[in-house]
Amino acid sequence: ANGAKLAAPPAVSGTATDNSGAPGLSLVQVSVKDQQEGKWWNGSTFTATLVDWRNATGVAPWTLAMPATAWQSGREYQLSSRARDIATNEEGAPGAVTFLYDTTRPLTAVTQPLTATTFYASLPTISGTASDPVPGTGLKKAEVDRVELYVQNPAGNQWNGSGYVAPPFWVVGTGTAAWTYTALSGAFASGSTYTVVARAFDLAGNEDVTRSTQTFTFDNAAPTSGITAPGRATGTAPGPFWTNWSA
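This is a predicted model, so every value here is computed, not measured.

Analysis parameters
- Residues numbered from 1 in each chain as written.
- Predicted model: local features only at pLDDT ≥ 70, side-chain atom pairs only at ≥ 80, totals over all residues.
- Heavy atoms only, no water.
- Helix = DSSP H or I, 4+ residues; strand = E, 2+ residues; numbered from the N terminus.
- Rg over C-alpha atoms; globule rule 2.2 N^0.38 Å.
- Buried < 20%, exposed > 50% of the residue type's maximum accessible area, 1.4 Å probe, protein only.
- Contact = heavy atoms within 4.5 Å.
- Areas by Shrake-Rupley, 256 points an atom, 1.4 Å probe, with all protein chains shown as cover.
- Pairing = 2+ DSSP bridges.
- Axes fitted to C-alpha atoms, helices over the stretch in contact; angles between N-to-C directions.
- 1 Å grid on protein atoms, 1.4 Å probe; cavity = no way out; pocket = protein on both sides within 12 Å on 5 of 7 lines; lining within 4 Å.
- Points joined across faces, edges and corners; volume = space filled by probe spheres on them.
- Nonpolar A, V, L, I, M, F, W, Y, C, P; charged D, E, K, R; others polar.
- Salt bridge = Lys/Arg side-chain N within 4 Å of Asp/Glu carboxyl O.

Student: I would appreciate a short explanation of the overall build of the protein in the present structure.
Tutor: A tally of helices and strands in the protein yields zero helices and 20 strands. Radius of gyration (C-alpha) of the protein: 34 Å, far over the 18 Å computed for a compact globule of 247 residues. Projected onto its principal axes, the C-alpha coordinates of the protein cover approximately 135 × 35 × 35 Å. Per-residue burial over the protein gives 36% buried out of 247 residues. Here the contacts in the protein between residues at least 6 apart in sequence split such that 65% fall between residues at least 24 apart. For the protein, the computed accessible surface area is about 14100 Å², with 53% contributed by carbon and sulfur atoms.

Structure, rendered in structure tokens:
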């Protein structure tokens, strides 16, 4: 599809139709352009400085074989096709689609809670950041599509937005570059330790497999205090005791 973002090497294929119904198609040709370099596929490399039409296999449907190593992450490619019939009529306005090939994985970070903080008395929001790195100068990226996370309790179960269930259960955060998750009412019990793990996906389908992990203990129980000294006096007074009063 035009404007697609792909993480896997594409299969270059399509179809063609002879609109007159006769005498039929004889050939389909395809050109593949590296948009960043401004050069075309010549059958082995992207070095052709003029449009290079390559003969496809078949006509309806047709395919163009290209090695997986031909595609480089962060580059946009334009595919154009033109058909010719047996009467030598040639398609005047070749069809074209453009796509981005991106194999670079996005990055995710949980910024609230933090393991270093250790204890939290209140945690209404889990938050963090995500980004999709550009693989090189002058290249492009697919951009972050979504962030998923799970909250795991001491029993190993994971939060589904209203209770804990058997893993795996990932919930979706709100936002991408800066994301949050707020459906946490009743998620935490005082004195228990929890783990938060987040991962991002980009629009090409690449997943952040390194993930971001933070562990914390929830404690919203109020402390108590008592006075142990000085205590109540006991024993016998050391001397006489007088009381004077007047009305």
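So much for the structure itself; the text now carries on.
Student: Help me understand the sheet that holds strand S18 (residues 178-181) in this model?
Tutor: Across a sheet, paired strands are connected by hydrogen bonds in the backbone, their directions being either parallel or antiparallel. The three strands are arranged S11-S13-S18 in an open sheet whose pairing can be described as antiparallel. Taken across any chain shown, the strands that pair with only one partner, and hence form the sheet edges, are strand S11 (107-112) and S18. Across this sheet, the average inter-strand angle for adjacent strands is 30 degrees, counted without regard to direction.

Student: Which parts of the structure should I look at to understand the layout of surface pockets?
Tutor: One simple way to see leftover space: roll a probe sized like a water molecule over the atoms. Considered as a void within the structure, the largest pocket measures approximately 260 Å³ in volume. As for the largest pocket, its lining consists of 16 residues, of which Ala 1, Val 12, Ser 13, Leu 79 and Val 97 are closest to the centre. Elements represented by at least two residues in the lining of the largest pocket include exactly strand S1 (4-6), strand S2 (12-14), strand S9 (75-85) and strand S10 (95-101). Considering each element in turn, the lining of the largest pocket owes the most residues, four residues, to S10. Its residues placed into classes, the lining of the largest pocket shows 12 nonpolar, four polar and no charged.

Student: Sorry, what's going on with the pairing of strand S20 (residues 212-218) here?
Tutor: Put simply, side chains in a regular strand alternate between the two faces of the sheet. Counting buried positions over the seven residues of S20 gives five, a clear majority of the element. Sheet analysis places strand S12 (residues 119-120) next to S20, joined by two bridges and oriented parallel. When the bridges of S20 are listed, Tyr 120 appears paired with Phe 218. As defined by bridge partners, strand S19 (residues 192-202) adjoins S20 across seven bridges and the pair is classed as antiparallel. In the sheet register, Thr 193 faces S20, and the bridge partner there is Thr 217.

Student: Is there a simple way to think about unusual backbone geometry in this case?
Tutor: When glycine is set aside, most residues are seen to have a negative phi, and most peptide bonds are trans. Between Pro 167 and the following residue, Pro 168, the backbone shows a cis peptide bond with an omega angle of 0 degrees. Here Pro 168 lies in the loop between strand S16 (164-165) and strand S17 (171-172). A positive phi angle, close to 60 degrees, is found at Arg 211, a residue other than glycine. With respect to the helices, strands and loops of the structure, Arg 211 is situated in the loop between S19 and S20.

Student: Explain the pattern of salt bridges to me, please; I cannot follow it from the model alone.
Tutor: Should their charged atoms come close, side chains of opposite charge can pair. Applying the stated criterion across every chain, the model contains 11 salt bridges. One salt bridge connects Glu 37 with Arg 75, and the closest N-O pair in it is separated by 3.4 Å. One end of the pair, Glu 37, is in the loop between strand S3 (25-34) and strand S4 (39-41); the other, Arg 75, is in strand S9, and 38 residues separate them in sequence. Residue Glu 37 is classed as partly exposed on the basis of its relative accessible area of 44%. One salt bridge connects Arg 82 with Glu 90, and the closest N-O pair in it is separated by 3.5 Å. Each member of the salt-bridge network shares a partner with another, and the members are Asp 145, Arg 146, Glu 148, Arg 199, Glu 207 and Arg 211.

Student: Before we go on, may I ask you to explain the sheet that holds S2 in this structure?
Tutor: On the basis of which strands lie adjacent, the open sheet formed by three strands has the order S2-S8-S7 and antiparallel pairing. For this open sheet the edge positions go to S2 and strand S7 (57-58), each flanked by a neighbour on one side alone. Pairing analysis gives three bridges linking S2 to strand S8 (residues 62-64), with the strands arranged antiparallel. If you follow Gly 14 over to S8, its bridge partner there is Trp 62.

Student: Looking at this model, I keep getting lost on the pairing of S9. Mind explaining?
Tutor: With eight of 11 residues buried, S9 lies mostly within the body of the structure. Where S3 meets S9, nine bridges bridge the pair, whose relative direction is antiparallel. Looking at S9, one finds that Val 30 is bridged to Ser 81.

Student: Explain the environment of Leu 184 to me, please; I cannot follow it from the model alone.
Tutor: If you trace the backbone, Leu 184 turns up in the loop between S18 and S19. A sequence separation of 23 residues divides Leu 184 from Gly 161, and the C-alpha atoms of the two residues are 6.5 Å apart. For Leu 184, the contacting residues outside a window of four places in its chain are Leu 123, Pro 124, Thr 125, Ile 126 and Trp 159.

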